[in-house]
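Reading the structure
Each chain is listed here by its residues.
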Amino acid sequence: MGLVVQKYGGSSVADTERLRRVAARIAARKEGGSDMVVTVSAMGDTTDDLIALARQVTDRPSDREMDLLLSTGEIVSSTLLAMALRNRGVPAMSFTGAQAGIFTDQTHGRARILGIDASRIRDCLAEGQVAIVAGFQGINRQTDVTTLGRGGSDTTAVALAAALHAGRCEIYTDVEGIYTCDPRLHPGARKLEEIAYEEMLEMASQGSRVMHPRAVELGSIYGIPILVASSMKEAPGTLIHGECEMEPTNKVRGISHDTDIAKLTILGVPDRPGVAAEIFAHLGAANLTADTIVQNASVHGPATDLTFTVPVADLRRALEVVTPVVQEVGAAGVLTDDRLGKISIVGTGVLNTPGYAPRMFKALSDAGINIELITTSEIRITCIIDEQRIPDAVRVLHDIFELEKADSLSIGPGFDPGRGSAS
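Anyway, here's the lowdown on the structure attached to this text. Here the residue numbering is sequential within each chain, running from 1 through the sequence in written order. Totals for whole chains, interfaces and linings use all residues, but because this is a predicted model, local features are given only for residues with pLDDT of at least 70 and pairs of side-chain atoms are given and counted only at 80 or more. Where side-chain values are given, they derive from all heavy atoms of the structure, hydrogens and water being excluded.

Things to note about the overall build of the protein
Starting at the N terminus, helices and strands are each numbered in turn, a helix being any DSSP run of H or I of at least four residues and a strand any DSSP run of E of at least two. The helix and strand tally for the protein stands at 11 helices and 18 strands. As defined in this context, the radius of gyration uses C-alpha atoms, and a globule is described by 2.2 Å times the residue total to the power 0.38. Expected size for 423 residues packed as a compact globule is a radius of gyration near 22 Å; at 22 Å, the protein falls within 12% of this value. With the principal axes as the frame, the protein shows a C-alpha extent of 75 × 50 × 35 Å. With a 1.4 Å probe rolled over the protein chains alone, any residue whose accessible area is under 20% of its type maximum counts as buried; one over 50% counts as exposed, and the rest are partly exposed. The 423 residues of the protein split such that 53% are buried.

Shown next, in the form of structure tokens:
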């Protein structure tokens, strides 16, 4: 039956009963003749609990020690799953990221996979065993454990599927697939049969939690179709793969949102070449990535304002990096706001098709929602707004673009209401 690579999220292995249920699913596929490689996240809220435990010891834990600590969550779930399989008479072996041959760069907390030596996994499969790989982690050239960032077990699974030349990767969670918007915010949210890599990547990058953006990116690069389905019930999921439609009538595929947004505004930035480069070079050196960036050339004097956004969790570090640079370049100061969110409409052609941007802006205006910043890509229009108005914005935009009435071939964003783990 070929090779199957699966991933089970934290909610799917949250307790021993669910672990046994997952073991039964894997055993059934194995008995059907498939070779099985399975990646698992930490059980339930384990990763969040470990972070809270570290915060009780220090408010500034080192990145290296945090990676080593957080990696233990996935090791626990992978070993227990291997035990559950063996208890059912199915031979299985668990692997840490390092044992699975997953090599990463030097970055702690957000490491990127550089390569995979899958020889030990192949040996395990050749012996007729199920290979259980702890997700979310790898090892750098100093042999230090690294973690791949929130949602990193998705990336582990797709990377293994690519390295092992699997036909597809199956991601199992506690929802039935990918939806046009967060179904907790709109009862008309619709599960989708399929979605293109490019659109899913935008949705994941703009806040939809069902898939990690880098996992989607890897799937696109290596041509690995990704199935997102429920581990709780047998139901058709959503397939992430290549383009699904040539020219859909409604180009808006779905609505994505994120409330984890903080804004920094550097006031009175000298309007001369190289200043922005210096500011963002320091942010990059600190492994911080700015999202929305807005700067206008001043028409009233030699200074302007520079605004950019970062995740709320990065605000303190970003401010620590930016504050001395502000003094160095002669800017006037820094203002911050951590009460923002972003709302996006996503779909191939929305930016290049007349009417979609004004319809979005008017719908938000009619709802009394003020737009602070706007950013776009070829297939996305994003507005930064007050985080408290995000639910209203989701409902308004979902209705104005009539996504619940779209035909069954339309494709859109994802949502995972139960993801409690950082992996």
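A word on the layout of surface pockets
Take a probe with the size of a water molecule and roll it over the atoms, and the empty space left behind shows itself. Lining residues are defined by having an atom within 4 Å of a point belonging to a cavity or pocket. Those points lie on a 1 Å grid over the protein atoms alone, cavities being sets where a 1.4 Å probe fits but cannot get out and pockets being open sets with protein on both sides within 12 Å along at least five of seven lines. Grid points are joined across faces, edges and corners, and a volume is the space filled by probe spheres set on the points. Put simply, the second largest pocket is a space of about 270 Å³. As for the second largest pocket, its lining consists of 14 residues, of which I113, L114, A159, L218 and Y222 are closest to the centre. Looking at the lining of the second largest pocket, the elements that each hand over two or more residues are β5 (113-116), α5 (152-163) and α7 (213-222). By residue number, the principal contributor to the lining of the second largest pocket is α7, which donates 5 residues. Under the grouping applied here, Gly and all other residues not named as nonpolar or charged are polar, the nonpolar ones being Ala, Val, Leu, Ile, Met, Phe, Trp, Tyr, Cys and Pro and the charged ones Asp, Glu, Lys and Arg. The residue makeup of the lining of the second largest pocket, split by class, is 9 nonpolar, 2 polar and 3 charged.

Observations concerning the side chain of N140
Along the polypeptide, N140 turns up in the loop between β7 (137-139) and β8 (145-147). Reaching out from N140, the side chain makes a polar contact with the backbone nitrogen of Q142 at a distance of 2.9 Å. At a separation of 3.0 Å, a polar atom in the side chain of N140 contacts the main-chain amide nitrogen of D144. Residues in contact with N140, not counting those within four places in the same chain, are T104, D105, Q106, H108 and T146. Definition of a polar contact: a pair of N or O atoms within 3.5 Å, with one able to donate and the other able to accept a hydrogen when the atoms are protein atoms, and with sequence-neighbouring residues admitted only if both atoms are side-chain atoms. We call two residues in contact when some of their heavy atoms are within 4.5 Å.

Observations regarding the packing of aromatic side chains
When the centres of two rings from Phe, Tyr and Trp lie within 6.5 Å, Trp using its six-membered ring, the rings pair. Their planes under 30 degrees apart give stacked, over 60 give edge-to-face, and anything left gives tilted. Applying the stated criterion to the full structure yields 3 aromatic pairs. Ring centres of Y8 and Y172 lie 5.2 Å apart, and the angle between their planes is 15°; this geometry places the pair in the stacked category. On the criterion of sequence distance, the pair formed by Y8 in strand β1 (residues 3-8) and Y172 in strand β9 (residues 169-173) is long-range, its members being 164 residues apart. According to the relative accessible area criterion, Y8 is buried, its value standing at 0%. Residues F280 and F308 carry aromatic rings whose centres are separated by 5.3 Å and whose planes lie at 70° to one another, so their mutual orientation is edge-to-face. Of this pair, F280 sits in helix α8 (residues 275-285) while F308 sits in strand β15 (residues 303-310); the two residues are 28 residues apart in sequence, bridging distant segments of the chain.

Comments concerning the environment of V130
When you line up the elements, V130 lands in strand β6 (residues 130-134). We classify V130 as buried; its relative accessible area is 0%. The spacing of V130 and L85 is 45 residues in sequence and 8.5 Å in space, taken between C-alpha atoms. Apart from residues lying up to four places away in sequence, V130 is in contact with I26, K30, M36, V38, L85, V90, P91, A92, M93 and C124.

Section: the packing of α8 against helix α9 (residues 315-329)
Axes here refer to lines fitted to C-alpha atoms; in helices the fit is confined to the stretch in contact. Angles between the N-to-C directions go from 0 to 180 degrees. Two numbers describe how α8 lies on α9: the axes approach to 9 Å, and their chain directions differ by 150°. In terms of their interaxial angle, α8 and α9 are classed as roughly antiparallel. Note that α8 runs across α9; the crossing there is right-handed. Every residue of α9 that contacts α8 at V275, E278, I279, H282 and L283 is listed here: A318, V321, V322, V325, E328 and V329. When grouped by side-chain class, the residues that make up the contact of α8 with α9 number 8 nonpolar, 1 polar and 2 charged. When describing relative orientation, an angle under 35 degrees is termed roughly parallel and one over 145 degrees roughly antiparallel, while 65 to 115 degrees is termed roughly perpendicular and anything else oblique. By definition, turning the near helix anticlockwise from the far helix through less than a right angle yields a left-handed crossing, and turning it clockwise yields a right-handed one.

With respect to the nonpolar core
Here the nonpolar core consists of buried residues drawn from Ala, Val, Leu, Ile, Met, Phe, Trp, Tyr and Cys, with membership extended through side-chain atoms lying within 4.5 Å. Judged by nonpolar contacts, the single largest core of 38 residues is most densely connected at V37, I121, M200, M211 and I240. Among the secondary structure elements, those contributing two or more residues to this core are α4 (119-126), β6, α5, β9, α6 (197-205), α7 and β11 (226-230). Examining the composition of this core, we find that 6 residues originate from one element, α5, more than from any other.

Considering the sheet that holds strand β17 (residues 373-377)
The strands making up a sheet associate through hydrogen bonds between their backbones, and the pairing can be parallel or antiparallel. Strands pair, by our definition, only if DSSP identifies at least two bridges between them. Judged by pairing direction, the sheet is antiparallel, and its 6 strands sit side by side in the order β14-β15-β13-β16-β18-β17 without closing on themselves. At either end of the open sheet lies a strand with only one pairing partner, and these are β14 (293-295) and β17. Recorded for the sheet is a direction-independent mean angle of 25° between the axes of neighbouring strands. Pairing between strand β16 (residues 333-346) and strand β18 (residues 380-386): 7 bridges, direction antiparallel. Bridge pairing links I343 to C383 in β18. The sheet strands contacting α6 are β13 (254-270), β16, β17 and β18, and the helix crosses β16 at an angle near 145°.

Some points on a nonpolar patch on the surface
Excluding any residue in a salt bridge, patches collect residues exceeding 30% relative accessible area, merging like charges within 9 Å and nonpolar Val, Leu, Ile, Met, Phe, Trp and Tyr side chains within 5 Å. Per-residue and other accessible areas were derived by the Shrake-Rupley procedure at a 1.4 Å probe size, with only the shown protein chains allowed to occlude residues. Any carboxyl oxygen of Asp or Glu that lies within 4 Å of a side-chain nitrogen of Lys or Arg is treated as forming a salt bridge with it. A contiguous nonpolar patch, built from V76, L80 and M83 and spanning about 250 Å² of accessible area, is present on the exposed surface. You can see L80 is positioned in helix α3 (residues 63-87). On the basis of relative accessibility, which here comes to 31%, the residue L80 falls in the partly exposed class.

Purely geometric stuff here, so don't read any function into it on its own.
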